[in-house]
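Structural overview for review
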Amino acid sequence: MNPVASAAIASWRFEPWLLLALVATAWIYLRGRRRLVRDLPERLPPWRGVCFVSGLAVFFVAVASPLDAFADLLLQVHMTQHFLLMMVAPPLLWLGRPELPLLHGLPHVARRDGLGPFLGWRVLHRVRAFLTHPVVCWLAFAGAMWIWHLPALYETALRDPFWHEAEHASFFFASLLFWFPVIQPWPSRPRWSRWMMVPYLFLASLQATAFSALFVFSGRVIYPVYANAPRLGGMSALEDQKIAGAVMWVPGSFVLLASTMLLVVSLLAPKLVRPGAPAVAAPIPNAPRRGTDVLRWPGIGAVLRARSGRAVMQVVLLLIAAVVIVDGFFGPQMGAMSLAGVVPWTYARAGIVIGLLLAGNLFCMACPFLLPRTVGRKFFAPSRAWPAVLRSKWFAVALFVLYLWGYEVFALWDSPLWTAWILLGYFVTAFVVDGLFKGASFCKYVCPIGQFNFVGSLISPLEVTVRSADACGTCTTQDCIRGREGAPGCELDLFLPAKVGNLDCTFCMDCVRACPHDNVGLLPRLPASELIVDPPRAGLGRLGARPDVAALALVVVFGAFVNAAGMVEPVVAGLQSVSSSLGFSSTAPAFTVFLLMTLIVLPLALAATGRWWGRLLIPELGGRTLLCRLALALVPLGMAMWADHFLFHLVTGAGAALPTSVRALGDVGMSTGPPDWSAAHSMAAPGDGFRSVQILLLDLGLLASLYLGWRVVRPGAERLSSALAALAPWATVASLLFVAGVWILFQPMEMRGMIMP
């Protein structure tokens, strides 16, 4: 047998006192539970007993298994031990609601004459009230984590068994305190509103992220004892330290986020349990709207409302696009030195995502591709209707997949010529499509950028909608969609009184100008709230009956991870290795297979499984409806990954615009001096704080996707277990995507479009 394996098996500690204590605790608990469950079966269902015994078992594994024996050789093993003691065993024990079962499991004499008087002692009540206050619990948890990991104390604990036991005892009891207000085991009462536990867990996640990042990003070994310890498996002490940080970071964040999710679900569940109630709530348009109307803000409101305001924005972007195209055709064919490499791939993409997250579909509002077609309409009078067979999102889905494939295969970010041709093709296509077909056919059925923006705007905080449903009820002209003289209506067939959310809305504000009652505004809303219900929507119908929209959402979500994975070194090296072994000189065939598997096969497998499973568990909603709506619930996670990816390029390449512009001006005889290319790589290494922000975005994306998924499945399921089971495959995929995203962020990345020093 392998010597390490033999040592691991032999290192189990079966100390009699520990075994006796754990077995006695389990026996007392089960005995007391058996007595209580006769009168209170709903308080102590069997699964709570399983949780308590499992918590004891996890504790035993943490302190008596080989984890303890190898803790002074590998930091990652020691951190795994701490993770079990702090994040797994304590919540399992509290879920068992142990207070009364342990009390009633004791012999009657001990309970009456021993513990009885002690439990009635006022000082004990005060001490308990102090220790279980949420502020004390949170500080105890964070304090134990940070203080015991100071190098001097940590190494003392490794050298001295007494201090090692004290360290573990501190972690365990501090964590028991931390999890107490979160789980609030019966019969205790909460000190704060249960909603306050959401920021309580969120702040704990933030400090745990900062703590883990110190280990992951430190360039030196924090604990010298590991540098001098025998190395197992050829792993260096620094590599061991990075893995230890990841062990605390990823599983720890997952536990805290999952706890937040379950907490929110438990708080909302009583309001949602309505067996037999219709799955569709009241239409959103009839609900009263609150908040500030952005269109009524001084200055910016007038600009957004005015037709000339949009035209000015379009002209500005048109001029920028023209300069980029010219530089792409005639400038240097190196992405980092060309405006065609820097403007679209570093700035524009990040700007689009930032606009979506902070406001809405701002790019479509100022889209330069529509300006030539608007001019062309002065000369052409398109009268044809878009072909019925193409009136869906399937064509746009295919174009988006084609774009993701071409981006990697043709290295578009580093090809100014290809970029210029694509931009020029965009202008020509928009001009031809909208010159032949009436309506905004290019925007609604063709444009891949527009489809990405439509999906992304599902989580935007602003929405173009009516201010008062009553005003629409008395309106007979319906100018918002028909238009009136000098003010066209909505070309995308979004009738404002029945419009829900941002899907297919280009923020053009035509409906604002067409409404004779001044009843359309740009109002705040809860991001993604439109996905919780599924009323009939103007121009789209019910999203639960639109598999093409669901396919678009899945492609955008999975595409976020595929696109980001294509620039990390392990994936690039793997594709090169596969290509070489098959005799290809290019990675294009291997990437094509990779793309098909991750962007087509995996989403199809998820969709098929989710549909079949949903139809089996919640037949009232139907498999297709669940599939379509749960696919859209993944959008927050996908957009978080897109934001992480594009913000990385923006941060690392933010300095490239100045020298590239100076070079371009010099090429046309307007030289201002030689470009300083050092600015193009001065921000090539983002700091640890930026990585934490990226992880936080993924955290929020995962949490929002799980929450939306829950809100979709719960109203249609009669039983809680059915809802959880229906959500399980989607939650599993979301969790795996989250883990994949974290893994991508930790990998060395190609500095695409950069001039390296």
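Please read all numbers here as calculations on a predicted model, not as lab measurements. (Residues numbered from 1 in each chain as written. Predicted model: local features only at pLDDT ≥ 70, side-chain atom pairs only at ≥ 80, totals over all residues. Heavy atoms only, no water.)

**Focus: the overall build of the chain**
Summing up its helical and strand segments, the chain has 34 helices and 2 strands in all. In terms of overall dimensions, the chain has C-alpha extents of about 100 × 65 × 50 Å along its principal axes. Expressed as a percentage of its 757 residues, the buried residues of the chain come to 51%. In the chain, the proportion of contacts linking residues at least 24 apart, taken out of those at least 6 apart, comes to 80%. Here the chain displays about 33400 Å² of accessible surface, and carbon together with sulfur accounts for 71% of that area. Put simply, the chain has 57 plus and 39 minus side-chain charges, and the middle of one group is 11 Å from the middle of the other. (Helix = DSSP H or I, 4+ residues; strand = E, 2+ residues; numbered from the N terminus. Buried < 20%, exposed > 50% of the residue type's maximum accessible area, 1.4 Å probe, protein only. Contact = heavy atoms within 4.5 Å. Areas by Shrake-Rupley, 256 points an atom, 1.4 Å probe, with all protein chains shown as cover. Lys, Arg positive; Asp, Glu negative; His and termini not counted. Charge placed at Lys NZ, Arg CZ, Asp CG, Glu CD.)

**Focus on the environment of Pro497**
Mapped onto the elements of the fold, Pro497 is located in the loop between α25 (479-482) and α26 (510-514). C-alpha separation for the pair Pro497 and Cys480, spaced 17 residues apart in sequence, amounts to 9.2 Å.

**Comments concerning helix α29 (residues 588-617)**
The end-to-end C-alpha separation of α29 is 42 Å, in line with the 44 Å expected for 30 residues at 1.5 Å each. Met597 marks the point of greatest bend in α29, at about 30°. Among the residues making up α29, those that are buried are Ala588, Ala590, Phe591, Leu595, Thr598, Leu599, Pro603, Leu606, Ala607, Gly610 and Gly614. (Expected span 1.5 Å × (residues − 1). Bend = angle between axes of the 7 residues up to and from the residue.)

**Remarks on helix α21 (residues 416-436)**
Counted at 1.5 Å a residue, the expected span for α21 with its 21 residues is 30 Å, and the 30 Å between its end C-alpha atoms agrees. Every buried residue of α21 is listed here: Pro416, Thr419, Ala420, Leu423, Tyr426, Phe427, Ala430, Val433 and Asp434.

**Topic: the nonpolar core**
Phe452, Leu522, Trp642, Val713 and Trp730 are the most contacted members of the largest nonpolar core, which totals 136 residues. Looking at this core, the element that brings in the most residues is helix α27 (residues 547-565), giving 15 residues. Residues contacting Val713, with those up to four places away along its chain left out, are Ile618, Leu626, Leu630, Ala723, Ala726 and Leu727. Counting 59 residues, the second-largest nonpolar core is a separate cluster that includes Ala62, Val63, Phe215 and Met248. (Core = buried A, V, L, I, M, F, W, Y, C linked by side-chain atoms within 4.5 Å.)

**Quick look at the pattern of salt bridges**
With the rule as written, the count across this model stands at 14 salt bridges. Here Arg159 ties to Glu155 by a salt bridge, and the two come within 4.0 Å at their closest N and O atoms. With Arg159 and Glu155 both in helix α10 (residues 151-159), this residue pair falls 4 residues apart, about one helical turn. Owing to a relative accessible area of 61%, Arg159 belongs among the exposed residues under this scheme. Two residues, Asp327 and Arg663, come together in a salt bridge whose shortest N-O distance is 2.6 Å. Highlighted residues: Asp327 in helix α16 (residues 307-330) and Arg663 in helix α32 (residues 657-667), separated in sequence by 336 residues. (Salt bridge = Lys/Arg side-chain N within 4 Å of Asp/Glu carboxyl O.)

**Focus on the side chain of Gln241**
Structurally, Gln241 can be placed in helix α14 (residues 237-272). Gln241 sits in the buried class, given a relative accessible area of 1%. Within the local environment of Gln241, its side chain forms a polar contact with the backbone oxygen of Arg220, the two atoms lying 3.0 Å apart. (Polar contact = N/O pair within 3.5 Å; in protein donor to acceptor, adjacent residues only side chain to side chain.)

**Topic: the packing of α16 against helix α17 (residues 339-358)**
Remark: α16 packs on α17, axes separated minimally by 8 Å, with the N-to-C direction vectors making an angle of 135°. With respect to α17, the axis of α16 lies oblique. In this structure, α16 uses Ile320, Val323, Val324, Asp327 and Gly328 to contact α17, whose residues at the interface are Leu339, Ala340, Val343 and Pro344. Looking at the contact of α16 with α17, its residues break down into 7 nonpolar, 1 polar and 1 charged. (Axes fitted to C-alpha atoms, helices over the stretch in contact; angles between N-to-C directions. Parallel < 35°, antiparallel > 145°, perpendicular 65-115°, else oblique. Nonpolar A, V, L, I, M, F, W, Y, C, P; charged D, E, K, R; others polar.)

**Digging into the side chain of Ser188**
Examined against the element boundaries, Ser188 turns out to sit in the loop between α11 (161-183) and α12 (197-217). A distance of 3.1 Å separates the side chain of Ser188 from the side chain of Gln184, its partner in a polar contact. Look past the residues within four positions of Ser188 in its chain and what remains in contact with it is Arg128 and Phe180.

**Quick notes on the confidence of the model for the chain**
Looking at the chain as a whole, its pLDDT mean stands at 83, while 92% of the residues score no less than 70. This model gives residues 270-288 a pLDDT under 50, and the stretch forms 24 contacts once residues within four places in sequence are excluded. (pLDDT = per-residue confidence, 0-100.)

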